[in-house]
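Descriptive analysis of the structure
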Amino acid sequence: DLGMGACKRKRTKKIAMKICKEVDGFTLDSYVEKKVISQGPINILTIDVEGADFDVLLGSKEHVLDRVEYLEFEYNWMGAWHEQKLSDAIELLEARKFTCYWAGDDRLWRISG
């Protein structure tokens, strides 16, 4: 489990040539349009794309996020998170009427709303 970043790093190029595959990408909007039949609420949306989670949120141009009742994504220091701020993600989600929480070791911390 090297993550997507390993496929781009020179020091792992030999490994990457053996295990990395190029795949087609898509936006959250296009995925929902093709795969979600209902036009009603999306009860739970989980995003885990190895450090590109905020990019997925930023790429949602239509009203997909407005339909989501519960959203969960991973925050870490991999991938695009190196250059993005969690506070920017929280701000974007607050603008969409989400209340944000941080999952701690033994409790849930409310951080917005």
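Let us look at the structure shown here.

Cut-off values and rules
- Residues numbered from 1 in each chain as written.
- Predicted model: local features only at pLDDT ≥ 70, side-chain atom pairs only at ≥ 80, totals over all residues.
- Heavy atoms only, no water.
- Helix = DSSP H or I, 4+ residues; strand = E, 2+ residues; numbered from the N terminus.
- Buried < 20%, exposed > 50% of the residue type's maximum accessible area, 1.4 Å probe, protein only.
- Contact = heavy atoms within 4.5 Å.
- Areas by Shrake-Rupley, 256 points an atom, 1.4 Å probe, with all protein chains shown as cover.
- Phe/Tyr/Trp six-rings, centres within 6.5 Å; stacked < 30°, edge-to-face > 60°.
- Patch = residues over 30% accessible without salt bridge, like charges linked within 9 Å, V, L, I, M, F, W, Y side chains within 5 Å.
- Salt bridge = Lys/Arg side-chain N within 4 Å of Asp/Glu carboxyl O.
- Core = buried A, V, L, I, M, F, W, Y, C linked by side-chain atoms within 4.5 Å.

**Description of the overall build of the protein**
Looking only at helices and strands, one finds five helices and four strands in the protein. Expressed as a percentage of its 113 residues, the buried residues of the protein come to 27%. The contacts of the protein with a sequence gap of at least 6 include a subset with a gap of at least 24, amounting to 56%. Within the structure as shown, the protein displays about 8,900 Å² of accessible surface, and the carbon and sulfur contribution to it stands at 53%.

**Observations concerning the packing of aromatic side chains**
Taken as a whole and judged by the stated rule, the model has two aromatic pairs. Ring geometry for Phe26 versus Tyr31: centroids 5.5 Å apart, planes at 20°, classification stacked. On the accessibility criterion, Phe26 (58% relative accessible area) is exposed. We classify Tyr31 as partly exposed; its relative accessible area is 39%. For the pair Tyr75 and Trp102, a centre-to-centre distance of 6.1 Å together with 65° between the ring planes defines the contact as edge-to-face.

**Quick word on unusual backbone geometry**
Most peptide bonds take the trans form, and the phi angle of most residues other than glycine is negative. Notably, Glu50 is not glycine yet its phi reads approximately 50°, a positive angle. The exposure class assigned to Glu50 is partly exposed, which follows from its relative accessible area of 29%. Its identity is not glycine, yet Lys97 carries a phi of approximately 75°, on the positive side. With respect to the helices, strands and loops of the structure, Lys97 is situated in the loop between α5 (86-95) and β3 (101-103).

**Concerning a nonpolar patch on the surface**
A cluster of nonpolar side chains, contributed by Trp102, Trp109 and Ile111, occupies part of the molecular surface with about 300 Å² of accessible area. With respect to the helices and strands, Trp109 occurs in strand β4 (residues 108-110).

**Some details on the nonpolar core**
The biggest cluster of nonpolar side chains holds 18 residues, and the ones touching the most others in it are Leu45, Leu57, Leu65, Val68 and Leu71. Breaking this core down by element, the ones donating at least two residues are α2 (28-35), β1 (42-47), α3 (53-58), α4 (64-67), β2 (68-73) and α5. Take this core: its biggest share by element is four residues, from α5.

Interpretation note: all reported values are geometric properties and have no functional meaning in isolation.
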